[in-house]
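# What the coordinates show
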Amino acid sequence: MRRVVFAASAAVVAAVLAAGCSSSPSTSAGSPGSSSAAAGPVTVRLGYLANITHAPALIGVKNGYFAKALGSAGTLKTNVFTSGTQETTAILAGQLDAAYVGPNPAINAWQKSDGTAIKIVSGAATGGASVVVKPSITSAAQLKGQSIATPSLGNTQDVAVRYWLKQQGLATSATGGGDVSVKPTSPNSAAVLEFQSGQIAGASEPSPYDVQIVKAGGKVLYAEPGVTTVLMVTQSFLSAHPDIVSDLLKAQIQANDFIKSNPAQAEQVANDQLAAYTGKPIKADILDQAFKEITFTNDPDVASLNDDANQAVSVGLLKSVKLDGIFDLGPLNRLLAASGEAQVGA
């Protein structure tokens, strides 16, 4: 079952890359230039990862929050990826309308499109990512000459660990060189297996994979701070279908409210949805710890995004970029205000 899931993901990425190389422009369903604009329900193509840090998406799909919020106006089509880097590729190739991603893939999409491709419309989760290493390693200095895994080059955990290592006086490179060899490894579960077999000294992974490595004998050397998941939409889709985007946000808020009010049930729902993709549920002790290390919040922590960008620039994975205009939190704040919840923003 696991082989089938990841083969499907690879097929999606291949299709995305092919679309990106095509000379004909692609359009979102129902967006300007699409023949389906007045042909009934809008198809909303939503991407997310099979991670606990994306639990709001998992729960929103499993509990039918997205379907209910869209009603007869839209039909949800989901695509599950193994990294936010893949989602950025899909967004820029016109294959997605919205995606749950880490802040760094969102920043990459913004920069690569010169600020024309996406808007961040909500947060989803904070915390839930760690650098986990062999128990014999007690300091960053002991990682010199060692290899560690990350989900993909330039993703949020990849940038975070490279910047942290730099702060400790250890150099890395995009090609795996430097004092510490950082190895983008996909899928995330492969990093767990490589740690168990002794191929790597540790990994920078999102939940639940960091917890799985701990259960495999590792220990947390560095808990990565800040936002781990945001919801971004394409600007073309937001412009063409603001009401549909509002519906997505209603489902996002409902999913996070469900997590807060029904934590045990939320864990089970997210696990059931993960099992549908991977063919295997997460063990109860790992699942519980994974949820405990994450704060599920609609706040995207606007102030921290510049820090994320600056860190990526510092380690040579991003050119200097201005993020003015990357957020559009108006629709989210209107919904939060209407439900009596605190608004978010600068």
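Above this text is the structure in question.
Keep in mind the model is a prediction, meaning the values are calculated, not measured. (Residues numbered from 1 in each chain as written. Predicted model: local features only at pLDDT ≥ 70, side-chain atom pairs only at ≥ 80, totals over all residues. Heavy atoms only, no water.)

### Observations regarding the overall build of the protein
Going by this rule: Numbering of helices and strands runs from the N terminus, with a helix taken as a DSSP run of H or I at least four residues long and a strand as a DSSP run of E at least two residues long. Each residue's exposure class comes from its accessible area (1.4 Å probe, protein chains only) as a fraction of the maximum for that residue type: buried when under 20%, exposed when over 50%, partly exposed otherwise. Should any heavy atoms of two residues lie within 4.5 Å, those residues are counted as being in contact.
When helices and strands are counted, the protein shows 14 helices and 11 strands. Within the span of the protein, comprising 346 residues, buried residues form 53% of the whole. Within the protein, residue pairs in contact and separated by at least 24 positions form 78% of the contacts whose partners lie at least 6 positions apart.

### Some words on the packing of helix H5 (residues 103–112) against helix H13 (residues 302–314)
The criterion, for reference: Interaxial angle, 0 to 180 degrees, is taken between N-to-C directions of lines fitted to C-alpha atoms, where a helix line uses only the stretch in contact. Small angles under 35 degrees read as roughly parallel and large ones over 145 as roughly antiparallel, with 65 to 115 read as roughly perpendicular and the rest as oblique. Each residue gets one of three labels, nonpolar for Ala, Val, Leu, Ile, Met, Phe, Trp, Tyr, Cys and Pro, charged for Asp, Glu, Lys and Arg, and polar for the others, Gly among them.
Axis separation between H5 and H13 bottoms out at 10 Å; the angle between their running directions is 75°. Comparing the axis directions of H5 and H13 gives the class roughly perpendicular. The segment H5 lies against H13, with Pro-103, Asn-104 and Ile-107 engaging Leu-305, Asp-308, Ala-309 and Ala-312. Class assignment for the residues of the contact of H5 with H13 results in five nonpolar, one polar and one charged.

### Comments concerning the pairing of strand S5 (residues 129–133)
Rules: Pairing between strands requires that DSSP locate at least two bridges from one strand to the other.
Burial analysis of S5 places five of its five residues in the buried class, which makes it a mostly covered element. Of the two faces of S5, the one holding Ala-129, Val-131 and Val-133 and the one holding Ser-130 and Val-132 are both buried throughout. Two strands pair when backbone bridges link them, and S5 and strand S8 (residues 202–206) are joined in this way by five bridges, in the antiparallel orientation. Among the inter-strand pairings, Ser-130 is bridged to a residue of S8, identified as Glu-205. Bridging between S5 and strand S9 (residues 219–223) involves four bridges; their strand directions are antiparallel.

### Considerations on the pattern of salt bridges
We count it as follows: For salt bridges, the criterion is a side-chain nitrogen of Lys or Arg within 4 Å of an Asp or Glu carboxyl oxygen.
Tallied over the full model, the rule gives six salt bridges. Measuring nitrogen to oxygen at the nearest pair gives 2.8 Å for the salt bridge that ties Arg-162 to Asp-158. Taken together, the residues span about one helical turn, with Arg-162 and Asp-158 both in helix H6 (residues 156–167) at a distance of four residues. Each member of the pair, Arg-162 as well as Asp-158, is classed as buried.

### Some thoughts on the sheet that holds strand S7 (residues 181–184)
In space, the five strands of this open sheet follow the order S7-S6-S8-S5-S9, with mixed pairing throughout. In this open sheet, the two edge strands, each paired with only one partner strand, are S7 and S9. The average undirected angle you get between the axes of adjacent strands in this sheet is 25°. In the sheet, strand S6 (residues 147–150) pairs with S8 via two bridges, with the strands oriented parallel. By the bridge assignment, Ile-148 is partnered in S8 with Gly-202. Strands S5, S6, S7, S8 and S9 of the sheet are contacted by H6, whose axis makes an angle of about 145° with S6. Contacts between helix H7 (residues 188–196) and the sheet are confined to S5, S6, S7 and S8, with S8 contributing the most and set at about 155° to the helix.

### Focus on helix H4 (residues 84–92)
Since the α-helix turns once every 3.6 residues, residues separated by three or four places project in the same direction. Note the following rule: Regarding the arc, it is the one traced by the directions from the helix axis to the C-beta atoms.
Every buried residue belonging to H4 is among Gly-84, Glu-87, Thr-88, Ala-90 and Ile-91, and all of these are buried. With its buried residues spanning 160° around the axis, H4 presents them on a single face. Downstream of H4 by a residue or two, Gly-94 has a phi angle that is positive, lying close to 80°.

### Considering the sheet that holds strand S4 (residues 118–127)
Strand order in the open sheet formed by six strands is S2-S1-S3-S10-S4-S11, with mixed pairing between adjacent strands. A strand with exactly one partner marks an edge of an open sheet, and here the two such strands are strand S2 (74–81) and strand S11 (294–296). Going across the sheet, the axis of each strand differs from the next one's by a mean of 25°, ignoring polarity. The pairing of strand S1 (residues 42–49) with S2 spans eight bridges and is parallel. Each residue of the ladder has a partner; that of Leu-49, found in S2, is Phe-81.

### Some words on the environment of Ala-129
Along the chain, Ala-129 turns up in strand S5. It is 5.8 Å that separates the C-alpha atoms of Ala-129 and Ser-207, two residues lying 78 residues apart in sequence. Setting aside its immediate chain neighbours within four residues, Ala-129 contacts Gln-157, Glu-205, Pro-206, Asp-210, Ala-223, Glu-224 and Thr-228.

### Considerations on the side chain of Asn-104
Summarising the element assignment, Asn-104 is placed in helix H5. In this structure Asn-104 touches Gly-154, Asn-155, Thr-156, Val-159, Asp-308 and Ala-312, once residues within four positions along its chain are discounted.

### Quick notes on the nonpolar core
Keep this limit in mind: Grouping buried Ala, Val, Leu, Ile, Met, Phe, Trp, Tyr and Cys residues that are joined through side-chain atoms within 4.5 Å yields what is termed a nonpolar core.
Residues Ile-52, Ile-59, Ile-118 and Ile-120 are the most contacted members of the largest nonpolar core, which totals 75 residues. For this core, the leading source of residues is helix H10 (residues 242–261), giving nine residues. Apart from residues no more than four positions distant in its own chain, Ile-59 is found in contact with Gly-64, Tyr-65, Ala-255, Phe-258, Ile-259, Ala-266, Val-269 and Ala-270. Formed by 13 residues, the second largest nonpolar core is a distinct cluster that contains Val-133, Ile-148, Trp-164 and Leu-165.

### Description of the environment of Val-214
Mapped onto the elements of the fold, Val-214 is located in helix H8 (residues 209–215). C-alpha separation for the pair Val-214 and Val-192, spaced 22 residues apart in sequence, amounts to 9.4 Å. In this view, Val-214 contacts Val-132 and Val-220; residues no more than four positions away in its chain are not counted.

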